[in-house]
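Observations on the model geometry
These are the residues of each chain, in order.
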Amino acid sequence: MQTIEFKDFDKIELRIGTILRAELFEKARKPAYKIWVDLGGELGVKKSSAQITAHYTVDGLVGRQVLCVCNLAPRQIADFMSEILITGFSDEAGEIILTSVERPVPNGARLH
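Residues numbered from 1 in each chain as written. Predicted model: local features only at pLDDT ≥ 70, side-chain atom pairs only at ≥ 80, totals over all residues. Heavy atoms only, no water.

As named in an unreviewed UniProt entry, the protein chain is tRNA-binding protein, taken from Algoriphagus yeomjeoni.

Some remarks on the nonpolar core
Most often, soluble globular proteins keep nonpolar side chains buried together rather than apart. By size, the foremost hydrophobic cluster in this structure holds 16 residues, and its most contacted members are Ile35, Val37, Ile52, Leu61, Cys68 and Ile86. Among the elements of the structure, β1 (14-24), β2 (33-38) and β4 (65-69) are those that each provide at least two residues to this core. Examining the composition of this core, we find that 3 residues originate from one element, β2, more than from any other. Once residues within four sequence positions are removed from consideration, Leu61 is found in contact with Ile19, Ala22, Tyr33, Ile35, Ile52, Tyr56 and Leu98. The next biggest cluster of nonpolar side chains, apart from the first, holds 5 residues, and it includes Phe25, Ala28, Ala32 and Phe80. (Core = buried A, V, L, I, M, F, W, Y, C linked by side-chain atoms within 4.5 Å. Buried < 20%, exposed > 50% of the residue type's maximum accessible area, 1.4 Å probe, protein only. Helix = DSSP H or I, 4+ residues; strand = E, 2+ residues; numbered from the N terminus. Contact = heavy atoms within 4.5 Å.)

Section: the sheet that holds β4
Spatial ordering of the open sheet is given by β3-β2-β1-β4-β7, a layout of 5 strands whose pairing is antiparallel. A single partner strand is all that each edge strand has here, and the edge strands are β3 (45-50) and β7 (85-86). Sheet analysis places β1 next to β2, joined by 6 bridges and oriented antiparallel. Pairing of Arg21 across the sheet is with Trp36, part of β2. (Pairing = 2+ DSSP bridges.)

Looking at the packing of aromatic side chains
Enumeration over the complete set of coordinates arrives at 3 aromatic pairs. For the ring pair Trp36 and Phe80, a centre distance of 5.8 Å and an interplane angle of 80° mean the geometry is edge-to-face. Residue Trp36 is found in strand β2, and its partner Phe80 is found in strand β6 (residues 80-82); the two are separated by 44 residues along the sequence. A relative accessible area of 5% means that Phe80 is categorised as buried. Ring pairing ties together the aromatic residues Phe25, Trp36 and Phe80, which thus form one cluster. Here the basic side chain of Arg21 rests over the ring of Trp36, its NZ or CZ set 3.8 Å away from the ring centre. Lys47 extends its terminal NZ or CZ atom over the ring of Phe80, reaching a point 5.2 Å from the ring centre. (Phe/Tyr/Trp six-rings, centres within 6.5 Å; stacked < 30°, edge-to-face > 60°. Lys NZ or Arg CZ within 6 Å of the ring centre and 35° of its normal.)

Pasting the structure below:
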C-alpha cells in the first residue's frame, strides 16, 4: 500500500449529503440510478450516477445520508452529468454497500 501525506488527504472533499431523489438510469450501460444529493449550504444539490441497484431501491434511497467525494471533475455518463461520487464498499459479490453515518449530521459536513 502506498502512503500519502495528510496534506494530500486534506485535498479530498468528503462530505455528507441526503438523497433527495433517485430514479432508474435507463441509458446507463450497467444497471444504475440517477441520484440527487443535498450537500447543504454552498454546495447545494449535486447529481450522481450510481451502480447500486443490487441492494437499494429508488424509494429506499430517498432520505438516506451518504458520504460523497465532492471535488472530482464532473463526468458525462450517457445523457447525464455526474457531479459527485457517492462512496461505498464492495460486498462479497462485488455489489456496493453505501457509506453512511451512525447518526444524522448536517448536510455538507466534512469528514475529518
